[in-house]
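Given next are the chains, with one letter for each unit.
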Amino acid sequence: MYTHGLNTAMTLYQTGTLTLSQAAARAGRSTEAFATALERHGITIREKQLRPGPASGPAPSDGPTRAD
């Protein structure tokens with residue numbers, strides 16, 4: 001039954017029905033453990049704050065910043 005719950009939670013997360021934390025709770029795992037399970041099954045994690053990566057926002061400019 002545990003595997004079925006994990007599969008169901010992964011499917012619901014993948015389709016956008018549940019958030020990462022909701023799906024993790026449904027699967028009976030911590031958010032971090034659930035995110036690891038998603039990665040192992042090739043499912044992209046939408047909530048990027050969990051995994052370190054490039055910061056979102058504009059890329060730094062090579063030239064000087066203008067104030068006008």
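Overview of the structure. Here the structure is a predicted model, which means the values were calculated and not measured.

**Let's talk about the overall build of the chain**
No. 1: When helices and strands are counted, the chain shows three helices and zero strands.
No. 2: Walking the chain from its N terminus toward its C terminus, one meets helices and strands in the order α-α-α.
No. 3: The buried share among the 68 residues of the chain stands at 24%.
No. 4: Sequence-distant contacts, at least 24 apart, represent 42% of the contacts inside the chain between residues at least 6 apart.
No. 5: Here the chain displays about 5100 Å² of accessible surface, and carbon together with sulfur accounts for 54% of that area.

**Focus: helix H2 (residues 20-27)**
No. 1: Leu20, Ala23, Ala24 and Ala27 are the residues of H2 that are buried. Within H2, the buried residues cover an arc of 100 degrees as seen down the axis, which keeps them to one side. Across from the buried face of H2, at angles greater than 90 degrees, the exposed residues are Ala25 and Arg26.
No. 2: Of the residues one or two after H2, Gly28 is the one with positive phi, at around 75 degrees.

**Observations concerning the environment of Arg46**
No. 1: Structurally, Arg46 is set in the segment after helix H3 (31-40).
No. 2: The exposure class of Arg46 is partly exposed, given its relative accessible area of 39%.
No. 3: With 33 residues separating them along the chain, Arg46 and Tyr13 place their C-alpha atoms 9.1 Å apart.
No. 4: Filtering out sequence-adjacent residues up to four positions away, Arg46 remains in contact with Tyr13, Gln14, Gly16, Leu18 and Thr19.
No. 5: From its side chain, Arg46 meets the backbone oxygen of Tyr13 in a polar contact 2.4 Å long.
No. 6: In terms of polar contacts, Arg46 uses its side chain to reach the backbone carbonyl oxygen of Leu18, at 2.9 Å.

Thresholds applied
- Within each chain, residue numbers correspond to sequence positions counted from 1 in written order.
- Local features are withheld for residues below a pLDDT of 70 in this predicted model, meaning they are given only at 70 or higher, and side-chain atom pairs are given and counted only at 80 or more; totals for whole chains, interfaces and linings count all residues.
- To obtain the side-chain values, all non-hydrogen atoms of the structure were used and water was disregarded.
- Runs of H or I in DSSP of at least four residues are treated as helices and runs of E of at least two as strands, each being numbered from the N terminus.
- Partly exposed residues are those whose accessible area sits between 20% and 50% of the maximum for their type, while under 20% is buried and over 50% is exposed, using a 1.4 Å probe and protein chains only.
- Here, two residues are considered to be in contact whenever any of their heavy atoms come within 4.5 Å of each other.
- Only the protein chains shown count as cover for residues, and all accessible areas are computed by the Shrake-Rupley method using a 1.4 Å probe.
- Arc, as used here, means the arc of the directions from the helix axis to the C-beta atoms.
- Identification of polar contacts relies on pairs of N or O atoms within 3.5 Å, with a donor-acceptor requirement for protein atoms, meaning one able to donate a hydrogen and the other able to accept it, and with residues adjacent in sequence counted only if both atoms are side-chain atoms.

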